[in-house]
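Now for the letters of each chain:
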Amino acid sequence: MQLGIVGLGRMGGNIARRLTRAGHSCVVWDRNEAAVSDLAADGSTGAAGLEDLVGKLDAPRAVWVMLPAGAPTEQTVNALAAVMEPGDVIIDGGNSFYKDDIRRAASLREKGIVYVDVGTSGGVWGLERGYCMMIGGEKASVDRLDPIFAALAPGRGEIPATPGRESRDHRVEQGYLHTGPAGSGHFVKMIHNGIEYGMMQAYAEGFEILKRKDSTELPENERYSLDMADIAEVWRRGSVVSSWLLDLCAIALAKNETLSDFSGAVADSGEGRWTVMAAIEEAVSAEVLSAALYTRFRSRQDHTFGEKLLSAMRFQFGGHVEQPVTPVKEG
Ligand SMILES: O=C(CO)[C@H](O)[C@H](O)COP(=O)(O)O
C-alpha cells in the first residue's frame, strides 16, 4: 500500500523504513533535506514539499504526520488539508492532545477528509520491535489502513495468548487496537504515558533507596554497597517487577552505573499533564501519576540518582537527550 509520511525524525524515519521493508511504498518529506535523502536511499520516494508529496500519491491518499504535538502538527495538518481531496485520510501518529484531534476531525470532515489519530508507542526501538498502536477514527478508514497497521505492529511474537480472548478481535494480539472515534487513540496513548510516568518514578525511587544504603548517616553494620546494574539485571529474570522499562534501566546501568551522562533534569512533553487534567475532569484520584508529574517539575531544581535514572530511561526508549526544560505550549 502507498503512504505519505511527513516528519522523518526518530519515529517517522523508522516508520518509513519498517513499512518499506514490509513491501509498502512510502513517499516522504521533512524540512531536513538530509533526512529525505537518507530515506530515499533506503527505498522511499523523496518529495520536495507537501504539495509534491500529495501529488506523488494515488487517490484516495493517506498521509501519516509524525511531528511534535502542538503547532508543528497543527500547521502541517492544515497545510495538507489545503492540498488534499475528499476521500483522503490524514493520520496523526504523534502525541497530540486528544481534544485537538476531536476538533481537527470535525473540521476536516466538512471538507470530506478523514482524520485518524494513532497513539504510537515503541520509540527508537520500533524499527526492529514494531509499534504498539492505539487508533481513533472512523471504522471504514481504519479498516482501509489495516495493511499499514499490520506491518508496523510488533505481531504476536512470543507473548502467550491470554486465556478467554478467543472470540475477540485478533488484531489486538498483533499490537494494534481501534479504540473508537476520533481522539480516542490519543486519549488511550495519553493514559499509557501517564502510567509510564508512574512506573518510571517507582523504579527511580526504588533504585535511589538502594543506592543510598551506603550512606554514612546509617549505622555502620546496616550499610550495604549495592550493585545497581546487577540488581536491575537480576530483577529482569522472573521477578514481579520485570518490565521493558526495567530492561532499559539495566541497559543504562550496565553502560554507566553512576549515570554520569545524565544531569537528572527530566523534561515532559505534555502527556503527563494532560493525564492529570483528565483525572481532574473525571474526579479520579490519581495520586501516583500526579506525584510522578510533580517530581519531574522538582527534578529541574536539583538532581538525584533516581532523576538520572528517569532521564536514562527516556533516552533509552525515546532517544530523548536532556535539554533545558521549557513549559509545554498549548497546541
Ligand atoms: O510517547 C513516548 C513514550 O511512550 C515519548 O517518548 C514521549 O516523549 C514520552 O513522554 P515524555 O516526553 O513526557 O516523557
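Residues numbered from 1 in each chain as written. Predicted model: local features only at pLDDT ≥ 70, side-chain atom pairs only at ≥ 80, totals over all residues. Heavy atoms only, no water.

Below, the discussion takes up the pairing of strand β1 (residues 2-6). The buried count for β1 comes to four of five residues, which makes it a mostly enclosed element. Note that the unit made of β1, helix α1 (residues 12-21) and strand β2 (residues 25-29) has a crossover that is right-handed. The sheet contact formed by β1 and strand β4 (residues 62-65) spans three bridges and is parallel. Bridging across to β4, Val-6 finds its partner in Val-65. (Buried < 20%, exposed > 50% of the residue type's maximum accessible area, 1.4 Å probe, protein only. Helix = DSSP H or I, 4+ residues; strand = E, 2+ residues; numbered from the N terminus. Right-handed = clockwise from strand over helix to strand, strands pointing away. Pairing = 2+ DSSP bridges.)

A word on the UniProt feature "domain: 6-phosphogluconate dehydrogenase C-terminal" (unreviewed entry) in the chain. The feature "domain: 6-phosphogluconate dehydrogenase C-terminal" (unreviewed entry), as annotated in UniProt, sits at residues 185-324 in this numbering. Taken end to end, residues 185-324 has its terminal C-alpha atoms 30 Å apart, with 61% of it in helix and 0% in strand. (UniProt positions renumbered as here; feature names shortened; annotations may be inferred.)

Across the chain, the average pLDDT comes to 96, with 98% of residues at or above 70. Confidence estimates for the predicted assembly give a pTM of 0.93 and an ipTM of 0.98. (pLDDT = per-residue confidence, 0-100.)

Below, the discussion takes up the environment of Gly-70. Tracing the backbone shows Gly-70 in the loop between β4 and α4 (71-83). Overall, Gly-70 belongs to the buried group, its relative accessible area being 8%. Remark: the alpha-carbon pair of Gly-70 and Asp-100, spanning 30 residues in sequence, is separated by 8.6 Å.

What follows is about the packing of helix α11 (residues 228-235) against helix α12 (residues 244-255). One can describe the packing of α11 onto α12 by two numbers: an axis separation of 8 Å at closest approach and a directional angle of 150 degrees. The orientation of α11 relative to α12 falls into the category roughly antiparallel. Here α11 and α12 pass one another in a crossing that is left-handed. Facing Met-228, Ala-229, Ala-232, Glu-233 and Trp-235 of α11, the residues of α12 in contact are Leu-246, Ala-250, Leu-253 and Ala-254. Among the residues making up the contact of α11 with α12, the classes are represented as eight nonpolar, no polar and one charged. (Axes fitted to C-alpha atoms, helices over the stretch in contact; angles between N-to-C directions. Parallel < 35°, antiparallel > 145°, perpendicular 65-115°, else oblique. Left-handed = near helix turned anticlockwise from the far one by under 90°. Contact = heavy atoms within 4.5 Å. Nonpolar A, V, L, I, M, F, W, Y, C, P; charged D, E, K, R; others polar.)

Taken together, Asn-95, Lys-189, His-192, Asn-193, Glu-196, Tyr-197, Asp-268, Ser-269, Arg-296, Arg-314, Phe-317 and His-320 make up the full set of residues near the ligand. Between an oxygen atom of the ligand and a side-chain N or O atom of Asn-193, the distance comes to 2.9 Å. Glu-196 has a polar side-chain atom sitting 2.7 Å from an oxygen atom of the ligand. Isolated, the ligand exposes 360 Å² of accessible area, and the fraction of that covered by the protein chains is 91%. Counting only elements with at least two residues in the shell around the ligand, the list comes to α10 (184-211) and α15 (305-318). Counting residues per element, the shell around the ligand draws most heavily on α10, which supplies five residues. When the residues that make up the shell around the ligand are grouped by side-chain class, the tally is two nonpolar, five polar and five charged. (Near = heavy atom within 4 Å. Polar contact = N/O pair within 3.5 Å; in protein donor to acceptor, adjacent residues only side chain to side chain. Areas by Shrake-Rupley, 256 points an atom, 1.4 Å probe, with all protein chains shown as cover.)

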